[in-house]
Amino acid sequence: MSEDCLFCKIVAGEIPSEQVASTDDVYAFRDINPAAPTHVLVIPKEHIASAADLGSRHGALVAEIFEVARRIAQNEGIGDAYRLVSNVGAGAGQSVFHLHFHVIGGRELSWPPG
Ligand code: AMP
């Protein structure tokens, strides 16, 4: 756990969240400011600042994150059309520096994003 990390505090239960899924290594919860009818954040329980900090040692963890995201999308009824995105760096819109993948769906999604 990294002190002063919002998502570490959510994993630890120190800050409330609406849990959607939890495994040994991965936690998923609803975004507090949803951008679509389904907007869930999938995060590693371990503190990793962003996708830029991932390496080959994280292979199993990344696979589990994508597996959890797929299960969530299926459970939410959006398994055939959803966006799975991770912003890297403030300039790309990252505001919380604990790796997270947004699972977004339930409405028409345009491309490219802003
Ligand atoms: P990003 O801007 O890509 O770093 O995404 C961070 C996301 O975290 C945003 O979509 C926020 O709405 C969301 N967020 C911030 N604080 C909370 C919280 N306490 N519970 C749930 N989602 C949060």
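In case you missed it, the structure is sitting above this.
An account of the accompanying structure is given in this report. (Residues numbered from 1 in each chain as written. Predicted model: local features only at pLDDT ≥ 70, side-chain atom pairs only at ≥ 80, totals over all residues. Heavy atoms only, no water.)

On to the site of the ligand. Surveying the vicinity of the ligand reveals 16 residues, the closest of which are Asp31, Asn87, Gly93, Ser95 and His100. At 2.7 Å, a backbone N or O of serine 95 approaches an oxygen atom of the ligand. Histidine 102 is positioned such that a nitrogen or oxygen atom in its side chain is 2.9 Å from an oxygen atom of the ligand. Protein contacts shield 84% of the accessible area of the ligand, which totals 500 Å² for the unbound molecule. (Near = heavy atom within 4 Å. Polar contact = N/O pair within 3.5 Å; in protein donor to acceptor, adjacent residues only side chain to side chain. Areas by Shrake-Rupley, 256 points an atom, 1.4 Å probe, with all protein chains shown as cover.)

To continue, consider the side chain of glutamine 94. The topology assignment puts glutamine 94 in the loop between β4 (82-85) and β5 (101-105). Taking the relative accessible area as the measure of exposure, glutamine 94 reaches 5% and is therefore buried. A polar contact is formed between the side chain of glutamine 94 and the backbone oxygen of alanine 49, at a distance of 3.0 Å. A polar side-chain atom of glutamine 94 sits 3.0 Å from the main-chain carbonyl oxygen of valine 96. Every residue in contact with glutamine 94, bar those within four places of it in the chain, is listed here: Ala49, Ser50, Asn87, Val88, Gly89 and His100. (Helix = DSSP H or I, 4+ residues; strand = E, 2+ residues; numbered from the N terminus. Buried < 20%, exposed > 50% of the residue type's maximum accessible area, 1.4 Å probe, protein only. Contact = heavy atoms within 4.5 Å.)

What follows concerns the nonpolar core. Of all hydrophobic cores here, the largest spans 14 residues; its most connected members are Val26, Ala28, Val42, Ile65, Val68 and Ile72. Those elements that place two or more of their residues in this core are β2 (26-30), β3 (38-44), α2 (59-75) and β5. Among the elements that make up this core, the one with the highest residue count is α2 (five residues). Excluding anything up to four places from it in sequence, alanine 28 contacts Glu18, Gln19, Val20, Ala21, Val40, Leu41, Val42, Val68 and Ile72. Core analysis: the next-biggest nonpolar cluster, separate from the first, contains nine residues, Phe7, Phe29, Ile43 and Val96 among them. (Core = buried A, V, L, I, M, F, W, Y, C linked by side-chain atoms within 4.5 Å.)

Our focus in this paragraph is the pairing of strand β1 (residues 19-22). When β1 meets β2, the two strands line up antiparallel, connected through three bridges. By the bridge assignment, alanine 21 is partnered in β2 with alanine 28. Linking β1 to β2, which pair antiparallel, is a turn of three residues. (Pairing = 2+ DSSP bridges.)

All right, on to the side chain of threonine 38 then. Looking at the secondary structure, you find threonine 38 in strand β3. For threonine 38, a relative accessible area of 4% gives the class buried. Apart from residues lying up to four places away in sequence, threonine 38 is in contact with Glu76, Ile78, Val103, Ile104 and Gly105.

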